[in-house]
Amino acid sequence: MSKQDPKKLFIKTYGCQMNVYDSERMAEVLGEKGYVSTDTPDDADMILLNTCHIREKAAEKIYSELGRFKGLKAAKPDLKIGVAGCVAQAEGQEIMRRQPMVDLVVGPQSYHRLPQMEEQVAKGRKALDTDFPEEDKFEHMKARPKAQRGPTAFLTVQEGCDKFCAFCVVPYTRGAEVSRPADRILTEARDLVDRGVREITLLGQNVNAYHGAGPTGEVTLADLIWQLNDIDGLQRIRFTTSHPNDMDDALIDAHGTCDKLMPYLHLPVQSGSDRILKAMNRKHTAEEYINLIDRIRGARPDILLSGDFIVGFPGETDQDFEDTMALVEAVKYGQAYSFKYSTRPGTPAAERAQIDPDVANDRLQRLQALLKDQQRDIQNQMVGREVAVLFEKAGRLPGQLIGKSEYLHAVHVHAPADMQGQIARVQITESSSNSLAGTLLQTVAA
Ligand code: SAH
Ligand code: SF4
Ligand code: F3S
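The name recorded for the chain in an unreviewed UniProt entry is tRNA-2-methylthio-N(6)-dimethylallyladenosine synthase, from Parasulfitobacter algicola. For the record of the chain, the UniProt heading Sequence similarities (unreviewed entry) holds the text "Belongs to the methylthiotransferase family. MiaB subfamily." The annotation that UniProt attaches to the chain under Catalytic activity (unreviewed entry) is "N(6)-dimethylallyladenosine(37) in tRNA + (sulfur carrier)-SH + AH2 + 2 S-adenosyl-L-methionine = 2-methylsulfanyl-N(6)-dimethylallyladenosine(37) in tRNA + (sulfur carrier)-H + 5'-deoxyadenosine + L-methionine + A + S-adenosyl-L-homocysteine + 2 H(+)".

This is the structure:
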């Protein structure tokens with residue numbers, strides 16, 4: 001390798017969208033150190049795993065993944081291996097103990113320190129940083145490069161969580177709730193739009209708890225959305241993930257009045273049983289959640305709702321589970337994620353008596369069957385309707401593009417390749433298992 005050859009960085013991302021955003025930012029910051037991205041570990045000079053600790057399986061997967069790099073490291077002793085993300089935060093030094101070939105462990109709040117850490121590992125030393133520093137890491141990371149990019153982007157506005165649901169590791173791995181100042185978010189958004197982005201998804205572990213500093217006082221998520229609404233060239237705004245207790249009136253209203261805010265809301269409830277909601281420390285009842293959904297649908301009747309559910313939480317009885325099924329029947333979700341409760345060390349629920357795994361499996365199957373039916377019904381109801389599709393990439397078939405409707409359904413359409421990045425009216429003609437197909441009607445102003 002000549003001196004000028006760039007070093008290659010391979011990042012593998014697990015977990016939530018926030019990790020996807022962080023991985024982009026880490027690649028940018030390591031760009032300063034001469035790294036370019038590669039999409040295979042085989043020719044990499046550095047491999048970074050950006051990890052998730054939310055469930056046991058996710059965390060354990062990291063160790064088997066690391067095991068697979070042993071051969072690569074043996075063949076190329078200069079290869080550096082790093083672990084970032086929530087497993088890095090939760091397990092720190094333990095990772096290097098279990099997998100001595102790991103050179104670098106960095107927690108989610110320390111990514112701005114990656115350049116110094118890289119220098120350290122280049123000298124053959126180990127680097128570990130799992131602090132929760134005071135400064136905004138994104139402010140200390142290099143300005144985002146000016147290269148053209150795809151039509152959709154994530155933008156983290158808030159991180160961390162103070163809610164301490166009894167099952168959840170996020171407050172421990174991501175730290176306390178912190179909101180980025182509004183002007184930095186707006187600058188980043190304008191920059192993304194200049195680079196071709198048409199749709200921005202605002203991210204936060206509790207994105208609707210956002211309360212960033214603004215020029216004349218505190219800015220809420222609804223305020224931020226209205227300010228983004230004024231950016232010419234930005235056509236769509238989304239946000240995720242929200243907590244039911246932080247859905248304020250202004251945010252609900254925005255769903256009815258802000259044209260750029262898309263009619264899709266991910267609003268996890270976890271359980272439909274008041275007893276379990278209380279044991280989970282969710283701080284609302286099933287009825288309050290259903291009333292909230294009614295108010296949101298009052299503002300935006302066609303909104304597509306998405307949720308998260310946990311079955312088999314410690315103490316969940318058959319009746320509790322039936323209450324969850326009843327809540328799902330009442331709400332009707334267009335999209336949902338459901339999980340079997342996974343014991344996480346250090347969380348309050350880990351100390352409680354656990355449910356029989358077979359019972360939890362049966363419940364998960366029943367719940368998933370119901371959610372799948374609802375999702376299919378709502379998708380089928382799209383047939384014959386006209387939607388607006390933002391084309392993101394080429395489809396599998398020649399002459400085909402794939403994009404997302406307002407409701408986040410994937411839509412396959414025969415359309416000219418140069419319509420990528422544009423929004424068009426599309427008539428939906430077909431609904432298949434995971435996507436829709438439609439025909440092009442006319443182009444809407446790009
Ligand atoms: N901040 C979001 C969710 C973050 S984690 C919220 O409050 O809703 C994403 C999802 O993972 C959660 O909604 C929950 O359904 C699931 N999850 C979190 N901890 C879990 C655990 N210990 N076992 C199983 N699922 C879990
Ligand atoms: Fe976890 Fe609850 Fe915070 Fe969501 S609100 S990140 S589930 S502690
Ligand atoms: Fe996983 Fe951390 Fe996201 S635990 S879900 S990567 S915040």
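Caption draft 1: Quick look at the overall build of the chain. What the chain contains, in helices and strands, is 14 helices and 21 strands. In terms of C-alpha radius of gyration, the chain reaches 23 Å, essentially the compact-globule figure of 22 Å for 446 residues. Dimensions of the chain, computed from C-alpha atoms along their principal axes, come out at roughly 60 × 55 × 50 Å. Here the chain holds 446 residues, and 54% of them are scored as buried. In the chain, 70% of the contacts between residues at least 6 apart in sequence involve partners at least 24 apart. Put simply, the chain has 55 plus and 64 minus side-chain charges, and the middle of one group is 5 Å from the middle of the other.

Caption draft 2: Up close: the side chain of N229. Looking at the secondary structure, you find N229 in helix α9 (residues 221-229). Those residues within four positions of N229 in sequence are excluded, and the remaining contacts are I237, C258 and K260.

Caption draft 3: Representation of the packing of helix α10 (residues 249-257) against helix α12 (residues 286-299) in the model. At a closest axis distance of 7 Å, the pairing of α10 and α12 adopts a crossing angle of 40 degrees. Of the possible angle classes, the one that applies to α10 and α12 is oblique. For the pair formed by α10 and α12, the contact residues are D249, I252, H255 and G256 on the first element and L292, R295, I296 and A299 on the second. Its residues placed into classes, the contact of α10 with α12 shows four nonpolar, two polar and two charged.

Caption draft 4: Expanded view of the nonpolar core. Ranked by internal contacts, the top residues of the largest apolar core, which has 75 residues, are L202, L224 and Y333. Top contributing element to this core by residue count: helix α8 (residues 182-194), with six residues. Two domains share this core, each providing at least three of its residues, namely domain 1 (7-129) and domain 2 (138-381). Aside from chain neighbours lying at most four places away, what touches L224 is V157, A182, I185, L202, Y210 and V219. Listed in part, the 22 residues of the second largest apolar core include F10, A44, L66 and V87.

Caption draft 5: Examining the sheet that holds strand β7 (residues 152-156) more closely. Reading across the sheet, the three strands line up as β7-β10-β13 and stay open at both edges, with parallel pairing between neighbours. Of all strands in the sheet, those bounded by a partner on one side alone are β7 and β13 (236-240). Going from strand to strand, the sheet's axes swing by 25 degrees on average, the running direction of each strand aside. Direction of pairing for strand β10 (residues 199-203) relative to β13: parallel, over a ladder of five bridges. The residue bridging T201 from the neighbouring strand is R238, located in β13. The strands that helix α1 (residues 17-31) touches are β7, β10 and β13; relative to β7, the one it contacts most, it runs at about 95 degrees.

About the cut-offs
Residues numbered from 1 in each chain as written. Chains lettered and ligands numbered in written order. Predicted model: local features only at pLDDT ≥ 70, side-chain atom pairs only at ≥ 80, totals over all residues. Heavy atoms only, no water. UniProt positions renumbered as here; feature names shortened; annotations may be inferred. Helix = DSSP H or I, 4+ residues; strand = E, 2+ residues; numbered from the N terminus. Rg over C-alpha atoms; globule rule 2.2 N^0.38 Å. Buried < 20%, exposed > 50% of the residue type's maximum accessible area, 1.4 Å probe, protein only. Contact = heavy atoms within 4.5 Å. Lys, Arg positive; Asp, Glu negative; His and termini not counted. Charge placed at Lys NZ, Arg CZ, Asp CG, Glu CD. Axes fitted to C-alpha atoms, helices over the stretch in contact; angles between N-to-C directions. Parallel < 35°, antiparallel > 145°, perpendicular 65-115°, else oblique. Nonpolar A, V, L, I, M, F, W, Y, C, P; charged D, E, K, R; others polar. Core = buried A, V, L, I, M, F, W, Y, C linked by side-chain atoms within 4.5 Å. Domains from an automatic or database assignment. Pairing = 2+ DSSP bridges.

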